[in-house]
Amino acid sequence: MPRPTDLPTPTPRSSSDDQVFWDGLAEDRLLLPRCTSCGSVFWHPRPFCPECSCTRIDWFAATGNGTIYSYSVTHKAPGNWGAHAPYVIAYVELDEGPRVMSNIVDADLDMLEVGLEVQAVFHAGADGGAVLRFTPSPG
Amino acid sequence: MTDVHVVGVGMTRFGKHPDADSTDLGAQALLEAVADAGIDPRLIEAAYCGHVFQGMVTGQRVLAQVGLAGLPLTNVENACSSGATAIREASFAVRAGEYDVVVAVGTEHLTSQFRGALTPDPSDPEAAVGATMPSVYAMRARRYMHEFGMTREQLALIPVKNKNNAALNPLAHFRTRITVEDVLESRPVADPLRLHDCSPVTDGAAAVILMSDKAKKRFCDTRAVRLAASTLRSGSVDVEPTSMTFEPLTRLTAQDAYERAGIGPEDVDFCEVHDCFSIAEVLRVEGLGLFGQGEYPAAVQRGEADLGGRLPVNPSGGLLGKGHPLGGTGVAQVVELVRQLRGEAGNRQIEGAKVGLAHCRGGKAVGIEGAACTVQVLTR
């Protein structure tokens, strides 16, 4: 089960086409879309392949492991994020290829660096949805 | 087909205007452009108005305020490229032979809409993880530092250059010279970016009068500047965000403009580029092909982008120094190009400039690389 968090966790608007992805998060699983025609693994989840426009998409379970491609410690934010500053925004390059924008949580800010190994964590939203975030890998 | 010429320019002071709205500002800029062209405003046959957050029929309000109600008017929203897109649409109407005299105005009263950082559309997944425009550009800055070895001090030289140029521009939002230490000691916004690395929330408007060959010859021949290219592209689908340190969208839009104008990047004498953040100027001039990839920070350090340098970048002060009233920005860039090319830029004049380039890029939607990008080339 995704664990509770005090970070803002709205469930992004979902269409039926990417419901598989959100349902996966609710079960602590990162499901990624792969094109059955050209084999591209892509982000963000959508019902067609952005490389070749094919609409036959296969969902598979990713490892949830990746490395920090870039990050920023964000000090100022409007709205409900302001109270949580400083917080970390990052692009995480997944082992399966795609780069995903999310937060790095439960991290010592001084140890953050490009290339740091991270793993997926799943946060519960107030309305029962879930959001994908990352935390430094142990060891 | 006729060429298109900019024959009159006008611009309000950029900054905070608590006692005006976007209609007042747009009207002021429009009337100034008419006066600059030295024409009877009743010669204007059509109008185009760029803005982002000013609401329905902003352009019609501007026209009504200056006694031009009734003209065909097109409102244009294209994020930070709205004003530049209005100029492009206006130029098409002239080029097609439909009109001989048109006006493009860009206006924005942003201080009444926003405080602090702009954020992605709430429906985008990026909004759910607290992304702000500064944090997205901060990640690009950190990645660029990682790949090309740019130092934080080198990056600080860009706001220093642009704000020192703005200090020479009586219409700029900021008029105070700053140092590298000022940048490094300003408060952190999204690490590694600090307050001086970010363009301000600005009110302002700008306007340009465009004419065909025929009208230019009849009404205002001597101070006209030719609009040699005005190109637009939208971002293509990003399979993964591959473009953190290079901008294919900027490159493609520039290639269209160079081809249309019959020039290459080596012919550009100076440019105004979309420096919404310090790192953005680096990505833009390299995307435009004006500097090699990874080479701009060292070039800035050598003074090549200064007013007296090999290729001055953002002589007006840019978005960082002059300010960034979204709809007004792209039109104000063209105002600066025209003033420089006419030799009317006062103590920030670039000597002998013949070819100027303006670049805007704005908007973010999930899954695409940038939303709207424009490049305009003006020649004397």
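Residues numbered from 1 in each chain as written. Chains lettered and ligands numbered in written order. Predicted model: local features only at pLDDT ≥ 70, side-chain atom pairs only at ≥ 80, totals over all residues. Heavy atoms only, no water.

### So, the overall build of chain A
And then number 1: Summing up its helical and strand segments, chain A has one helix and seven strands in all.
And then number 2: Tracing chain A from N to C terminus, the helices and strands come up as α-β-β-β-β-β-β-β.
And then number 3: At 15 Å, chain A has a C-alpha radius of gyration in line with the 14 Å of a compact globule built from 139 residues.
And then number 4: Oriented by its inertia axes, the alpha-carbon framework of chain A measures out at about 45 × 35 × 25 Å.
And then number 5: Buried residues in chain A amount to 52% of all 139 residues.
And then number 6: Look at the contacts in chain A between residues 6 or more apart in sequence, and 54% of them connect residues 24 or more apart.
And then number 7: Surface summary for chain A: the accessible area is close to 6400 Å², and the carbon and sulfur share equals 47%. (Helix = DSSP H or I, 4+ residues; strand = E, 2+ residues; numbered from the N terminus. Rg over C-alpha atoms; globule rule 2.2 N^0.38 Å. Buried < 20%, exposed > 50% of the residue type's maximum accessible area, 1.4 Å probe, protein only. Contact = heavy atoms within 4.5 Å. Areas by Shrake-Rupley, 256 points an atom, 1.4 Å probe, with all protein chains shown as cover.)

### Focus on the pattern of salt bridges
All names here are of chain B.
And then number 1: Considering all chains together, one arrives at 22 salt bridges over all chains under this definition.
And then number 2: For Glu 344, the salt bridge identified is with Arg 223, shortest N-O distance 3.0 Å. Here Glu 344 is found in the loop between α13 (326-342) and β10 (355-362), whereas its partner Arg 223 is found in the loop between α8 (213-219) and β8 (225-233), with 121 residues between them in sequence.
And then number 3: Judged by relative accessible area, Glu 344 falls into the partly exposed class, the value being 36%.
And then number 4: Given a relative accessible area of 30%, Arg 223 falls into the partly exposed group.
And then number 5: The network of salt bridges with common partners includes Asp 36, Arg 223, Arg 342 and Glu 344. (Salt bridge = Lys/Arg side-chain N within 4 Å of Asp/Glu carboxyl O.)

### Quick look at the domain arrangement of chain A
All names here are of chain A.
And then number 1: Partitioning chain A into domains gives domain 1 (12-62) and domain 2 (63-139).
And then number 2: For domain 1 and domain 2, the distance between their C-alpha centres works out to 20 Å.
And then number 3: Across the contact, 13 residues belong to domain 1 and 12 residues belong to domain 2.
And then number 4: Summed over both partners, the interface of domain 1 with domain 2 comes to about 1000 Å²; 79% of that surface belongs to carbon and sulfur atoms.
And then number 5: For domain 1, the biggest contributors to the area lost against domain 2 are Leu 25, Leu 30 and Trp 43; these three give 48% of the whole.
And then number 6: Taken together, the links from domain 1 to domain 2 amount to zero salt bridges.
And then number 7: Where domain 1 touches domain 2, the interface holds one residue pair in polar contact (both at pLDDT 80 or more). (Domains from an automatic or database assignment. Buried area = accessible area lost by both parts, 1.4 Å probe. Polar contact = N/O pair within 3.5 Å; in protein donor to acceptor, adjacent residues only side chain to side chain.)

### Comments concerning the interface of chain B and chain A
Often, the extent of an interface is quoted as the loss of accessible area upon association of its parts.
And then number 1: Opposite the 32 residues of chain B that make contact, chain A presents 34 residues.
And then number 2: Of the roughly 2800 Å² buried between chain B and chain A on both sides combined, carbon and sulfur atoms contribute 63%.
And then number 3: Summed over the shared surface of chain B and chain A, the result is 10 residue pairs in polar contact (both at pLDDT 80 or more).
And then number 4: Listed by contribution, the elements that provide at least two residues to the side of chain B that touches chain A are α4 (125-128), α5 (133-148) and β5 (188-190) of chain B.
And then number 5: Per-element tally for the side of chain B that touches chain A: the top contributor is α5 of chain B, with eight residues.

### Brief notes about the domain arrangement of chain B
Residues and elements named next belong to chain B.
And then number 1: Segmentation of chain B into domains returns domain 1 (4-114 + 202-224) and domain 2 (125-195 + 230-379).
And then number 2: Computed from C-alpha coordinates alone, the two centres of domain 1 and domain 2 are separated by 23 Å.
And then number 3: Summed over both sides, the interface of domain 1 with domain 2 buries roughly 2800 Å², with 65% coming from carbon and sulfur.
And then number 4: Taken together, the links from domain 1 to domain 2 amount to three salt bridges.
And then number 5: Mapped onto the side of domain 1 that touches domain 2, the elements with two or more residues apiece are β1 (4-11), α1 (22-37), α3 (82-95), β4 (101-109) and β7 (203-212).
And then number 6: Of the residues forming the side of domain 1 that touches domain 2, the biggest block, eight residues, is contributed by α3.
And then number 7: Grouping the constituent residues of the side of domain 1 that touches domain 2 by class yields 17 nonpolar, 16 polar and nine charged. (Nonpolar A, V, L, I, M, F, W, Y, C, P; charged D, E, K, R; others polar.)

### As for the confidence of the model for chain B
And then number 1: On average, residues of chain B score 94 in pLDDT, and 96% of them reach the 70 mark or higher.
And then number 2: On the interface metric, ipTM, the complex scores 0.93, and its pTM is 0.95. (pLDDT = per-residue confidence, 0-100.)

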